[in-house]
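# Structure at a glance
Below, each chain spelled out in residue letters.
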Amino acid sequence: MADLIGKDFTPPDIRGKVTGSAKYAEDFRMDGMVFCRLLTSPMPHARVRSIDLRAALEMEGVVGILTADEVPEQNGPANNILTNEPHFVGEPILAVAAESETIAQNAIEAIVLDLEALPFCVDPLQSLHPAGPNARTDGNTIVPREGVQEVKWTLDDFAAAGEGELPMGEPTAEWSYGDLEAGFADAALVLDESFVTASNAHHSMEPRTAMAYWQGGKCYLHGSTQSQAQVLGGMARYIGIEPENLVYIAEYCGGGFGSKGGAYPIMSIPAHMSRKVQRPVMMRISRAEEYFLGSARAGFQGRIKIGFREDGRVTAADLYIIQENGPNSGFGDMGSAAGAMSLVYTPLAMRFRGISVLTNTPPRGAQRGPGQNQLATAVEPIIDKAARQLGLDQVDIRHINAPDNNARYGAGQGPVTSAYLKEALDLGRERFGWDERRARSGQRTGSKVVGVGVGQAFHSAGSNGFDGLLRIDPDGTLFIHTGVGNLGTYSYASTSRVAAEVLKYDWDNCEIVRGDSSRHLPWNNGQFGSNTSFTMTRTNYAAGMDALQKLKQIAAIELGGSASDYDVGNETVFNRSNPSRRITYARAAQRAIELGGAFSGQEVPEDINGMTRRSVEAMAGTGLIGVARDNLERNGTVPALSAGFIEIELDVETGRVEVKDYLGVMDCGTVLHPQSLATQVKGGAVMGFGMAVTERHMYDTQWGLPGGVGFHQAKPPSYLDVPAHMDWAAVDIPDPQNPVGAKGIGEPAMGCAAAALLCAISDALDGHYFNRTPIVPDMIVNASMGRGQSHRPLQVNTQ
Amino acid sequence: MMKDMIPGFELYQPVEVDRAIELLGEFGKDGWALAGGYDSLDWMKNRGKRPEAVIDLDGLDALKGITETADGIEIGALTTLTEVERNPIIRERFSILGDAARKVASPQIRNAGTIGGNVCQDTRCWYYRYGVSCYRAGGNTCYASAPEALNREHAIFEASRCVAVTPSDTGPVLVTLDAEMVVRNGSGERVIPAEDFFMGPAVDIERMTVLDPGDLLISIRVPNTWAGADFYFEKVTDRNSWDFALVSVAAALRTNGDQIEDARIVCGAVQCTPKRLHGVEAMLRGQSRTEDLAERAGAAAIEGAEALNYNHYKIPLMENLVKRAVRG
Amino acid sequence: MSEMHPADIGREGHGTSPPTHTAADPPGTQVLLPETRSGWSRRDFIKGVIASGVTVSGAVYFGASLTSPRPLFAQGVERLISLNVNGNVRRVDVLPGETLAMTLRYKLGLTGTKLGCDRAECGACTVLIDGVNQYSCSTLTHRVKGREVTTVEGLETDGELHPVQQAFIDELAPQCGFCTPGQVMSAVALLSQNPDPTREEARIAMSGNLCRCGAYDHYLNGVMRAAQETQNG
């Protein structure tokens, strides 16, 4: 398979992006459309005592108001659609629809809202203290499988921790493997480090605007999501209808980074409003609202004790994480962080303990490498610290601990499908000229110092069990139906090419069908978790093989013999021993329609999902249908691994850091689409740099007010904050559990860059470790000028 | 807090300066002079400011452009920052002003943002911009100076109930260059030295400049006094685009060999107005430009600095910037 | 504890004592808590808050704008004006406070220009005004009467893409695509003023366009390629 795989191509959706014809949710218009704006909570935790809507309702141009009791209440600590007990500044209480946004905004100001202030919390450690506040009235932690609980540690727990050390009271999650005590006893060096990694906003470029209207008993919803098929069921539930009555359109998504992975509640507001006011409703989400409603990365207050042998091998690791979880159920970052620890460093023994604490800050959710990337930023500098103390090279100490194909992962210590992190380190070491650059570390020119660093990251990168769906129409065109979504990575396209590859199709005769649930799409996974390249290649391969088999069977019926006598090429099916005996794909498709049965989708496999089944039924009799569930062998975790190499110049007088060079090396199996991988590596690095040195949530602790709303305050990196040139490479060794050898990538590409930059800063400062992410100029100035830091060591959501 | 959608107002688009002044006088506090719009529209969209009338200055071509005068140059208040950056006279004689203009915000903002707007702009204290009712907003407290407040960007000098800082990049440079601001209103015209143009909270806690309602900044005159001097400008920020200064320094040294004949040093973002370092300037006069002098200048510059919870880094940072300015 | 000072609402965990550290002291792990309040419990605090029915401290939460209310001037009055957009004269009703981005997107059907932040902090709304790249979200529409406005839709001629657009495709510059129209416009403005820029000059010229996907490297490759292709004619 070499024709389409591993080649660059022009994805079908790119032209619309450069011409402006690509339509995102806010670009759609309907006759009679009205505008909906949200009244959001000004307080971090409050209860609505009364709402007076009279003046607002009387205002000319106001069409309707939607309150929390008119929409389905979400159970437990879930993100709400609307609420009368907001748990964070910015949580929507009600929505106002009007002829224009300005009128809607004026109406909101005319609403008299009586709010009762409730206790709030923005720092998990405070909440765990016996006298500390709780973010919710029903508790302060989320316990796996048990929901919201109140957990308070004891004064002794706090007293047991020394200055700057994380107290470690009773956790709510724990696992371990190996003999921890023996591991530490074996160690030549034991480090005990407490650390903080900040929360930060996703700040997707496109705020999650949505537009909805009803027609013929169906709800039409234009939304912004990374995924397609995965969204339908959830949105139908939020709207209170059957999935069959929802048409969901999301051809383009202006960024998600995990925050738009599936359905989310507020996207249903225009649907509810539209049903109420009988007009199409556009709910434009502003940048400030996107900060509040657009998810955030969970912060960590953590501590790790690591034991190293003389040669740098990690003998034991004891990891404790307090997760700053927002007010709702959040995400499983701390568990994932622990998983990453177990794989990237393959410690001989390990324990993880954690507790997920609620705070009155924007709800947290998955953000690019959720847990894994926080861990990378926290632990990679500690590895460097150990290397320094043991007299080892930073690449060497990583190499000895890096996973290979026999590595074990996580609590269950299960197998991995493949792992080539050592190879990535080797490749990067050479390509980056690591040894030569490392010799320059510490070199000083005036106030500028050279620093170098290497960073690593991991994310699981593949799933299975989803349905592929193809159609060859009587003209001979191949339609590849894909329900995975479109995050902007083009992997929906590169993975679709696998089907074309199987069928040896000319790519110019192929069309990808996607982006609108009424286009008969199959049940696919979502575009999240770095999984697309692995999962969708398998899925499209399965459908491709099904179509291939049917083509051969039809040829056998037409021309005699059995299916195994036939092969394909140039979009014909031909007899191997007598190639002149052949039929075109177009002809085969016509025959498929005539033959019916499974050939044309009149019969479907038993094991496909209901959504796929419905799609096939709708297309039955229109061509040759290839449909199959991915039942290929699947055993173990699919790991995407990465190593980032960096050289910086740090100015000790101003605290400014300039990245001079960066190389990201990926272990993502076979490279499907080189240009796209390049852009993932570099784009991930940019986001990683932001995580490392500029971005963080900030909350005034007295009032619970957010200080990092909007791009200017949140500080995502600009052109001038990253080097003019960045480099990329891939190990390009196939994974055995994928028909083309591909694994996903995307998340580790960010973590390894963030980690490398943090390591390089400490390197430039001759081994000064901050145990904190991000490291901002003031911290560097304080360190280089020998002053203390302003923040307390374990403080979160602070400057 | 950010609410979006500008509330209604009456829009006036005069093309004559006199007419603009007439309108500004007529509306007084209820009017708003709109230059580039990058400070103004933020306030209006956030509904923090709701003028009844907006007087759009963009049609006042007479206030655009840079001209030679008998003893210097005159920069129309509505000259864009891009124009200031690229102007050949400024490049040749007052390169420090072009350097500062180039560092403002982003290219698109510089293309429409004006030098007048840049010096008149309101402070960026995040509490104030959030919309809380603080002193500067007419209330009776300061949130940024509270014991646990997040104030890493705030002042280390001249705190007087308010601890906000000047966000302007060109302001400190204009003070360095001994510039003068030409202000006109219905009663006539007056000329104010740049150093006296800015106001701290001790004088008026609700305004950043001496402009009263009805006043219009017409132009900025830069004398040839410092033309071709040894200039130094540095702005330390988090990011290299869009961000306001954490601390900035603007310096002009007139040297004879390595002897300093005269000096101007002004820091930005350390207090509510551009901070001219008179004491340091006196220290430098007649001295040789050495590393030792630079160090002493830095130490002198920060005397009397008082840190808040999160901004003590500004003290060594300011010291270092002054050192670098003297070092050259 | 019968009375709760409004300023203490939500400040549980923060007594009125001074901060536990100053700039001079090395920071400790001490958590700020009012343990010294004898006989005071967390439950008392909650009861106190709920019973006292306080929204006094709401002032900070509701902001200065509501402490001095002024009559809302609904939207202002629309005026019919002529705009020159992409070489065409368009007649449109425009409110005084209406921004060019809103007019383009909601009244002229030109949705290529995007709203990323509406606050001049991202560049997704970048258009050309008399050939100069500016943020349309921060430009009053009434200001561009008599000027030439160019949006991304105005670049294609007879189905042929502008060299910048083609170069961005060839270099796979856009990822999610939301910042792309703005990037295109800034690149077009750059090359019209400086047809042969260095990569560094391009980098500075583009620096008012944010890309959350981080595609800067590829966009720059696209700009340099477009410059090359245009030079080659």
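Our subject is the structure listed above.
Residues numbered from 1 in each chain as written. Chains lettered and ligands numbered in written order. Predicted model: local features only at pLDDT ≥ 70, side-chain atom pairs only at ≥ 80, totals over all residues. Heavy atoms only, no water.

## Observations regarding the sheet that holds strand β3 (residues 62-66) of chain A
Residues and elements named next belong to chain A. The seven strands lie next to each other as β3-β4-β1-β13-β10-β11-β12, forming an open sheet whose pairing is mixed. The open sheet has two free edges, formed respectively by β3 and β12 (246-249), since each of these has just one partner strand. Along the sheet, successive strands turn relative to each other by an average axial angle of 20 degrees, direction set aside. Judged from the three bridges that link them, strand β10 (residues 210-215) and strand β13 (residues 281-283) form a sheet pairing that is antiparallel. Among the inter-strand pairings, Ala212 is bridged to a residue of β13, identified as Val281. (Pairing = 2+ DSSP bridges. Helix = DSSP H or I, 4+ residues; strand = E, 2+ residues; numbered from the N terminus. Axes fitted to C-alpha atoms, helices over the stretch in contact; angles between N-to-C directions.)

## A short note on the sheet that holds strand β32 (residues 727-730) of chain A
All names here are of chain A. Strands sit in the order β19-β20-β28-β29-β32 across an open sheet of five strands; the sheet is mixed. For this open sheet the edge positions go to β19 (444-445) and β32, each flanked by a neighbour on one side alone. Both strand β28 (residues 639-651) and strand β29 (residues 657-667) contribute to a ladder of ten bridges, which runs antiparallel. Bridge pairing links Ser642 to Met666 in β29.

## Looking at the packing of helix α11 (residues 372-390) of chain A against helix α12 (residues 394-401) of chain A
All names here are of chain A. The N-to-C vectors of α11 and α12 enclose an angle of 110 degrees; their axes lie 9 Å apart at closest approach. As summarised for this structure, α11 and α12 are arranged roughly perpendicular, according to the angle between their axes. As α11 packs across α12, the resulting crossing turns out to be right-handed. Contacts between α11 and α12 involve Glu380, Ile383, Asp384, Ala386 and Ala387 from the former and Gln394, Ile397 and Arg398 from the latter. Residues belonging to the contact of α11 with α12 are distributed by class as follows: four nonpolar, one polar and three charged. (Parallel < 35°, antiparallel > 145°, perpendicular 65-115°, else oblique. Left-handed = near helix turned anticlockwise from the far one by under 90°. Contact = heavy atoms within 4.5 Å. Nonpolar A, V, L, I, M, F, W, Y, C, P; charged D, E, K, R; others polar.)

## Digging into helix α4 (residues 163-170) of chain C
For α4 of chain C, the set of buried residues is Val164, Gln165, Ala167, Phe168 and Ile169 of chain C. On its buried side, α4 of chain C packs onto α1 (14-19) of chain A together with α5 (180-193) and α7 (216-232) of chain C. Residue Leu172 of chain C follows α4 of chain C closely and has a positive phi angle near 50 degrees. (Buried < 20%, exposed > 50% of the residue type's maximum accessible area, 1.4 Å probe, protein only.)

## Points about unusual backbone geometry
Omega for the peptide link from Thr773 of chain A to Pro774 of chain A comes to 0 degrees, which places this bond in the cis form. Locating Pro774 of chain A in the fold gives a position in the loop between β33 (772-773) and α22 (777-784). Of note, the phi angle at Asp118 of chain C is positive, near 65 degrees, even though the residue is not glycine. Here Asp118 of chain C lies in the loop between α3 (100-107) and β3 (126-129).

## Focus: the environment of Tyr38 of chain B
All names here are of chain B. Mapped onto the secondary structure, Tyr38 falls in the loop between β2 (31-34) and α2 (40-45). Residue classification places Tyr38 among the buried residues on the basis of a relative accessible area of 13%. Expressed as a C-alpha distance, the spacing of Tyr38 and Arg93, which sit 55 residues apart in the sequence, is 28 Å.

## What to know about the interface of chain C and chain B
Contacts between the two partners involve 47 residues from chain C, matched on the other side by 45 residues from chain B. Each partner contributes to the roughly 3,800 Å² buried at the junction of chain C and chain B, and carbon and sulfur atoms together form 52% of this total. Counting the contacts that link chain C with chain B gives four salt bridges. A salt bridge links Asp56 of chain B to Arg143 of chain C; its shortest N-O distance comes to 2.5 Å. For the interface between chain C and chain B, the tally reads 19 residue pairs in polar contact (both at pLDDT 80 or more). Of all the elements in the fold, those that place two or more residues in the side of chain C that touches chain B are β4 (132-135), α5 and α6 (199-205) of chain C. At four residues, the largest contribution of residues to the side of chain C that touches chain B is made by β4 of chain C. (Buried area = accessible area lost by both parts, 1.4 Å probe. Salt bridge = Lys/Arg side-chain N within 4 Å of Asp/Glu carboxyl O. Polar contact = N/O pair within 3.5 Å; in protein donor to acceptor, adjacent residues only side chain to side chain.)

## Brief notes about the nonpolar core
With 142 residues, the main nonpolar core has Phe689 and Ile761 of chain A together with Leu174 of chain B as its most contacted residues. Sort the elements by how many residues they give to this core and helix α21 (residues 748-764) of chain A lands first, with twelve residues. Sequence-distant contacts of Leu174 of chain B, defined by excluding residues within four places in its chain, comprise Leu97, Ile115, Val119, Ala179, Met181, Ala194, Ile220 and Val222 of chain B. Val89 and Val277 of chain A, Ala149 of chain B together with Tyr61 of chain C belong to the second largest nonpolar core, which has 92 residues in total. (Core = buried A, V, L, I, M, F, W, Y, C linked by side-chain atoms within 4.5 Å.)

## Description of the interface of chain A and chain C
Counting from both sides, the interface comprises 100 residues of chain A and, opposite them, 83 residues of chain C. Between chain A and chain C, roughly 7,700 Å² of surface is buried when both sides are summed, and carbon and sulfur atoms account for 59% of that area. Of all residues in chain A, the largest losses of buried area upon contact with chain C belong to Val18, Met205 and Tyr719 of chain A, amounting jointly to 12% of the total for that side. Between chain A and chain C we count six salt bridges in total. With its nearest N and O atoms 3.3 Å apart, the salt bridge here joins Glu26 of chain A to Arg105 of chain C.

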